[in-house]
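Listed here are the chains, written in short residue letters.
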Amino acid sequence: MRVAVLGLGYVGCVTAACLADAGNVVIGIDPSVEKVEAVNQGLTPLVEPGLQELMAKVHGQSLLSATSDVAAVDDVDIAIICVGTPSTSEGELDLVHVESVARQIGSRIRERTSPLTVMLRSTVLPGTTRDRVIPWLEEASGKVEGSDFFVAFCPEFLRESTAIADFYGPPFTVIGVESEVAAERPSELLEFIGVPPRIVTTGVAEALKYSSNVFHALKVAFANEIGRFCDVSDIDAREVMKIFVEDRQLNISPRYLKPGFAFGGSCLPKDVKAVQFHAKTVGVDLPLIDSLTVTNTAHIEKAVKMVLDRGVRRVAQIGLTFKPSTDDVRESPYLALVARLIEAGVTVTAFDPIIKIDRLIGANRSHVESILPTLDDVLTDSVDEAIADAELVLIGTHLPAELDRVVAGVTVPVIDLSGLLPARYEEELRGRSILDSDVPAYTGAAW
C-alpha cells in the first residue's frame with residue numbers, strides 16, 4: 001500500500017520504517033524541516049536501537065521519504081496519525097496536534113474520489129476517536145465516516161529502546177472502529193506482523209492502551225512499595241518479588257483482573273489493613289497500598305448511589321457471601337452494601353441459600369452482628385420471596401439454581417454487581433429489557 005505517517009517522533013519513525021520494510025511505500029509528514037531532511041537522507045532524527053540501519057535500508061530501496069506538505073495524503077491509501085498528545089500543566093491531555101492534523105487531513109479528503117482510511121495511533125482517552133476525531137474529519141471534509149472515508153484507532157505498544165522488536169512482536173494487534181468496513185485496510189496493512197487482529201470499538205481500543213500503561217505504572221509503584229515495606233525489616237525485596245512473579249495462577253495471571261464488585265473475605269481486607277498499620281507504625285509511606293481500602297469502600301458507595309439515584313425504595317439482593325460456595329460473610333462487600341442501603345432508608349430483602357443464621361458461629365457471627373445485626377429480618381426463604389415486591393434486583397454471588405429462579409421470575413430491572421452473569425442470562429434479560437444496561441462498568445476483584 002501507499003502509506004502516509006503524520007508525525008515523525010518515536011512512534012511515527014518506527015511505524016514508518018517498519019511498514020516500509022514490509023514493502024509498503026511510506027511517506028512521513030512532519031512540520032519539522034530537520035526531521036524531514038534527516039529521513040530524506042536515510043538518517044533517523046532520533047536515537048532508537050536498530051532504527052538507523054532500518055531507515056537507511058528502506059530509504060535506499062525508495063520505500064521511505066518525507067515531506068512537510070500534508071497534500072501528500074492525496075496519493076495514499078492509509079494516513080496514520082502519530083502526533084504527540086502531551087499533558088497540560090494541570091494534567092489534561094492536550095489534543096491540539098491531533099485536531100490540527102485531523103482537520104488538515106479532512107481538508108484533503110474533501111477533493112478525493114476514493115475513500116481514505118485514517119489510522120489514529122496517538123494515545124487518546126476513551127471516546128476521543130468517536131466523539132472528536134471523526135467529527136473533526138467530517139467537518140473539514142464535508143463527508144461522512146463509514147462511507148466516504150474510514151477511521152480506525154490502532155494503539156501501539158512500543159517501548160523506547162526496544163521499539164522495533166515490539167513493533168514486530170506485539171502482545172496483540174487491536175483495531176478499533178465504529179464501522180466494520182473501516183477495519184479492512186488496517187487489517188491488511190498489519191497482516192505481515194502475524195498477530196491476528198482483534199476488531200473492537202474505538203473506545204475499547206483506546207481504553208486498552210491506557211489500561212496497559214496505567215497497569216505498568218501500578219506494577220512499578222507496587223514493587224517499590226513492597227521494597228520499602230521489606231527494607232525496614234532488613235528483608236531482600238528483590239528475592240521476594242523474584243519468587244512472587246513465579247506464581248502464574250494468581251499473581252501474574254487473569255485472576256482478579258475482571259471488573260466486578262469490591263474485594264472481601266477473611267484474607268484480603270485483613271492482610272491489607274495489617275500492612276497499612278505496620279507501615280504507619282514503622283514510619284514507612286505506602287500511599288498505593290493505603291489507597292486499596294479507600295477505593296474498595298468507594299466501590300461499595302458507588303453501588304449505593306446507583307440504587308438511590310434510581311429512586312427505588314424496595315431492593316432485593318441475591319447472594320450475600322463474599323464469593324459462591326462458601327458461608328463466609330466476613331468483610332463481604334455484599335453484606336456491607338445491604339447495611340448501607342438500609343441505613344439510607346431502603347428496604348432490602350435478601351436470599352442466599354448457604355447462609356443459615358443459626359449456624360453462623362465465631363468470627364462470622366461477630367462480623368454480622370457488627371455490620372448488620374438485623375440480617376435475620378432481611379433474609380428470606382426463597383428467591384421468589386426476595387424479589388416478590390422488589391423494584392430493583394441486585395445480583396451478588398452467582399449460584400446457578402438461584403440465577404435460574406431470578407431470570408424466570410423477575411419483572412423489574414436487574415443489576416449484575418460482579419459482572420459475571422452468564423451470557424445466556426444476559427441475552428434473555430436484555431431481550432426482555434430487564435438487565436440494566438446503563439450500569440457503569442465496575443472496577444474491582446470478581447472471583
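Scope of this entry: the structure provided in the associated data block. Predicted model, so just to flag it, every value in this text is computed and none were measured.

1. Thoughts on empty space enclosed by the protein
Where empty space is left becomes clear once a probe the size of a water molecule has been rolled over the atoms. A complete count under the given rule lists 1 cavity of 30 Å³ or more for this structure. Computed from the structure, the largest cavity encloses a volume of approximately 120 Å³. Of all elements in the fold, only α6 (163-168) and β7 (173-177) reach the threshold of two or more residues within the lining of the largest cavity. In terms of residue class, the lining of the largest cavity is made up of 10 nonpolar, 1 polar and 3 charged.

2. Digging into the environment of K302
Among the structural elements, K302 can be located in helix α11 (residues 287-309). Judged by its relative accessible area of 37%, K302 falls in the partly exposed class. For the pair K302 and Y425, spaced 123 residues apart in sequence, the C-alpha to C-alpha distance is 24 Å.

3. Some words on the environment of R228
For R228, the position within the fold is in helix α8 (residues 202-231). By relative accessible area, which is 36% here, R228 ends up partly exposed. Residues R228 and L375, 147 residues apart in the sequence, show an inter-C-alpha distance of 42 Å. R228 has contacts with V284, D285, L286 and P287, leaving out every residue within four places of it along the chain.

4. Here we look at the sheet that holds strand β6 (residues 150-153)
Overall, mixed pairing links the 8 strands, which are arranged β3-β2-β1-β4-β5-β6-β7-β8 in an open sheet. Strand pairing shows two members of the sheet lacking a second neighbour, β3 (64-67) and β8 (197-201), which therefore form its edges. In this sheet, neighbouring strand axes are inclined to one another by 25° on average, regardless of whether the strands run parallel or antiparallel. Taken together, the 4 bridges between strand β4 (residues 78-81) and strand β5 (residues 117-120) define a ladder with parallel strand orientation. Bridged to I78 within β5 is T117. Against the sheet, helix α5 (residues 128-141) engages β5 and β6, with an angle of about 145° to β6.

5. Observations regarding the layout of surface pockets
Roughly 420 Å³ of internal volume is contained in the second largest pocket. Per-element tally for the lining of the second largest pocket: the top contributor is helix α4 (residues 96-109), with 4 residues. Here the residues of the lining of the second largest pocket sort into 10 nonpolar, 11 polar and 4 charged.

6. Things to note about the pairing of strand β2 (residues 25-29)
For β2, the tally of buried residues reaches 4 of 5 residues, placing the bulk of the element in the interior. Judged from the 5 bridges that link them, strand β1 (residues 2-6) and β2 form a sheet pairing that is parallel. If you follow L6 over to β2, its bridge partner there is I29. By the bridge criterion, 4 bridges tie β2 to β3 in an arrangement that is parallel. By the bridge assignment, V26 is partnered in β3 with L64.

7. Remarks on a nonpolar patch on the surface
Where nonpolar side chains cluster on the molecular surface, the patch consists of F215, L218 and L257 and spans about 260 Å² of accessible area. For L218, the location among the structural elements is in helix α8. Of the residues examined, L218 reaches a relative accessible area of 38% and is grouped as partly exposed.

Reading guide: rules and limits
- Residues numbered from 1 in each chain as written.
- Predicted model: local features only at pLDDT ≥ 70, side-chain atom pairs only at ≥ 80, totals over all residues.
- Heavy atoms only, no water.
- 1 Å grid on protein atoms, 1.4 Å probe; cavity = no way out; pocket = protein on both sides within 12 Å on 5 of 7 lines; lining within 4 Å.
- Points joined across faces, edges and corners; volume = space filled by probe spheres on them.
- Helix = DSSP H or I, 4+ residues; strand = E, 2+ residues; numbered from the N terminus.
- Nonpolar A, V, L, I, M, F, W, Y, C, P; charged D, E, K, R; others polar.
- Buried < 20%, exposed > 50% of the residue type's maximum accessible area, 1.4 Å probe, protein only.
- Contact = heavy atoms within 4.5 Å.
- Pairing = 2+ DSSP bridges.
- Axes fitted to C-alpha atoms, helices over the stretch in contact; angles between N-to-C directions.
- Patch = residues over 30% accessible without salt bridge, like charges linked within 9 Å, V, L, I, M, F, W, Y side chains within 5 Å.
- Areas by Shrake-Rupley, 256 points an atom, 1.4 Å probe, with all protein chains shown as cover.
- Salt bridge = Lys/Arg side-chain N within 4 Å of Asp/Glu carboxyl O.

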